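Architecture at a glance
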Amino acid sequence: MMQYHLIQTHADAAFIQQAVETISEKITTAIKEHGDCILGLSGGSTPRPVYEALGQNQEIDWQKLKLFLVDERYVPPDHDESNQKLVRDTLLKHAVIPPNQCYFPDTSLPIDDCVLAYARAFVDLFSRRPPDVLVLGMGADGHTASLFPPVAEEAFGEALALHTSTDAFAVHDRITISPLVLMATQQHLLLLKGEEKWKVFEECVNAEVSPTRWPLHVALATERVTVVVQK
């Protein structure tokens, strides 16, 4: 059985509050320990109100944040499907993080060049230590970040960023962190809403270990995962 810390909620307001409090606590702890915090954010509809509320937390020293995207759709940064746009429209609308401390894939580049440039940015970002906190989601197919099952064996190498693709969504091409980054991260926060996602998560944690089928197994193996769920 995979080990994780579970926080259950039953209403939107409680879900947002618990998620914001948990992320804020992990950010504050990292700043106290290291002088700054390296935070990775995923996209999607579930974290949108969480990021909006998180950005309004004035107790966080946002100048000490280094922010990056866990994954991104290969679309222009002003596209409605862009995770960069999501973060700018929510968290960064309120939280003032220096632009040179925000790391986003350059989707104006050809996809392979975009992934390579993002991986090189990670070399700089993670030069002192791996990420402190990742905010993750989970799809009905079991994907996390943009690691779609079955995850290719070559994804489990030394690369920090990967090009992946899916036919399940309108935007096929994705840029994502690798399993190596998932494994190295100090704290993971998984946000789940609805019974369907919860059932998928239960199937994941009860399944035989298989990171190619369940990429979240990479994070769960660290025993540093907090799950906030609204059922």
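In the block above lies the structure referred to throughout.
Residues numbered from 1 in each chain as written. Predicted model: local features only at pLDDT ≥ 70, side-chain atom pairs only at ≥ 80, totals over all residues. Heavy atoms only, no water.

This brings us to helix α1 (residues 12-34). Taking 1.5 Å of rise per residue, the 23 residues of α1 would be expected to cover 33 Å, and the 33 Å separating its terminal C-alpha atoms lies within 8% of that figure. Among the residues of α1, those classed as buried are F15, A19, V20, T22, I23, S24, K26, I27, A30 and I31. Just past α1, the residue G35 takes up positive phi, approximately 90°. (Helix = DSSP H or I, 4+ residues; strand = E, 2+ residues; numbered from the N terminus. Expected span 1.5 Å × (residues − 1). Buried < 20%, exposed > 50% of the residue type's maximum accessible area, 1.4 Å probe, protein only.)

Attention now moves to the state of the cysteines. The full count for this structure, using the stated rule, is zero disulfides. Here C114 stays free of any disulfide, with the sulfur of C102 as its closest cysteine sulfur at 16 Å. A relative accessible area of 1% means that C114 is categorised as buried. (Disulfide = S-S within 2.5 Å.)

Taken as a whole, the largest pocket holds about 470 Å³ of empty space. Along the walls of the largest pocket sit 27 residues, with G43, G44, S45, R73 and H143 positioned nearest its centre. Listed by contribution, the elements that provide at least two residues to the lining of the largest pocket are β4 (71-73), β6 (133-136) and β9 (187-193). The class makeup of the residues in the lining of the largest pocket is 11 nonpolar, 10 polar and six charged. (1 Å grid on protein atoms, 1.4 Å probe; cavity = no way out; pocket = protein on both sides within 12 Å on 5 of 7 lines; lining within 4 Å. Points joined across faces, edges and corners; volume = space filled by probe spheres on them. Nonpolar A, V, L, I, M, F, W, Y, C, P; charged D, E, K, R; others polar.)

A separate point is the packing of aromatic side chains. One pass over the structure, following the stated rule, counts seven aromatic pairs. Measuring from centroid to centroid gives 4.4 Å for Y118 and F122, while their planes differ by 50°, and the two rings are tilted. One end of the pair, Y118, and the other, F122, are both in helix α5 (residues 111-125), four residues apart, so they sit about a helical turn from each other. Looking at F122, the relative accessible area reads 0%, which means it is buried. Between the aromatic rings of F148 and F169, the centroid separation amounts to 6.3 Å while the plane-to-plane angle is 45°, which identifies the pairing as tilted. Of this pair, F148 sits in the loop between β6 and β7 (161-165) while F169 sits in the loop between β7 and β8 (173-177), placing them 21 residues apart in sequence. (Phe/Tyr/Trp six-rings, centres within 6.5 Å; stacked < 30°, edge-to-face > 60°.)

Whenever strands of a sheet pair, they do so through backbone hydrogen bonds, lying parallel or antiparallel. If you walk across this open sheet you meet the seven strands as β1-β10-β9-β6-β2-β3-β5, and the pairing is parallel. Two strands bound the open sheet, and with one partner strand each, they are β1 (5-9) and β5 (102-103). Note: strand β2 (residues 37-41) against strand β3 (residues 65-69), five bridges, orientation parallel. Following the sheet pairing, I38 is matched in β3 by K66. Here helix α7 (residues 195-206) sits on the sheet and contacts β1, β9 and β10 (225-230); the angle it forms with β9, its principal contact strand, is near 135°. (Pairing = 2+ DSSP bridges. Contact = heavy atoms within 4.5 Å. Axes fitted to C-alpha atoms, helices over the stretch in contact; angles between N-to-C directions.)

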